[in-house]
Amino acid sequence: MIDIKIIRGTHGKIISFTVANHGDSIVCAAVSMLVLNTVNSIEKLTRDNFTCDYNENGGYLTFSLTNPNTTTEGINILLEAMSLGLTSAKAEYPTEIEIKEIKK
């Protein structure tokens, strides 16, 4: 099962996420595409700073905004779009994806 943890700050916006236990199925490929496209889009289309650590062989990725209090609206839209896509994938494959949202 793919484990996804999304952390929201006190303002309700996504400030970090982690994807773990990723495998080789088509569901894993869909999750990878959503997550990597989001990280790449943030890097290319915004000026927001973040940290990202991942295992090149798959299976783990963690993303965190460096200063979540000064982010642009663009990054918020990209992160919410990713969350929407992951939630839709979970609705289609409920036994293969677990999403936990934590509010700080």
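First, a word on what this report is: a plain description of the structure on this page. (Residues numbered from 1 in each chain as written. Predicted model: local features only at pLDDT ≥ 70, side-chain atom pairs only at ≥ 80, totals over all residues. Heavy atoms only, no water.)

### Some thoughts on the packing of aromatic side chains
Then, in step 1: For the coordinates displayed, the defined rule picks out two aromatic pairs.
Then, in step 2: Among the aromatic residues, those joined into a ring-pair cluster are F17, F50 and F63. (Phe/Tyr/Trp six-rings, centres within 6.5 Å; stacked < 30°, edge-to-face > 60°.)

### Focus on the pairing of strand 2 (residues 14-20)
Then, in step 1: Taking burial as the measure, the seven residues of strand 2 include seven buried ones, the bulk of the element.
Then, in step 2: The antiparallel hairpin formed by strand 1 (residues 2-8) and strand 2 contains five residues in its connecting segment, where G12 sits at a positive phi of about 90°.
Then, in step 3: As defined by bridge partners, strand 2 adjoins strand 4 (residues 60-65) across five bridges and the pair is classed as antiparallel. Bridged to F17 within strand 4 is F63. (Buried < 20%, exposed > 50% of the residue type's maximum accessible area, 1.4 Å probe, protein only. Helix = DSSP H or I, 4+ residues; strand = E, 2+ residues; numbered from the N terminus. Pairing = 2+ DSSP bridges.)

### Quick word on the sheet that holds strand 3 (residues 50-54)
Then, in step 1: Strand order across the open sheet formed by five strands is 3-4-2-1-5, with mixed pairing between neighbours. Each edge of the open sheet is held by one strand with a lone partner, namely strand 3 and strand 5 (97-103). The average angle at which neighbouring strand axes cross in this sheet is 10°, direction not considered.
Then, in step 2: By the bridge criterion, six bridges tie strand 1 to strand 2 in an arrangement that is antiparallel. Along strand 2, the bridge assignment pairs I7 with S16.
Then, in step 3: Docked against the sheet, helix 2 (residues 73-92) engages strand 1, strand 2, strand 4 and strand 5, running at close to 140° with respect to strand 5. (Axes fitted to C-alpha atoms, helices over the stretch in contact; angles between N-to-C directions. Contact = heavy atoms within 4.5 Å.)

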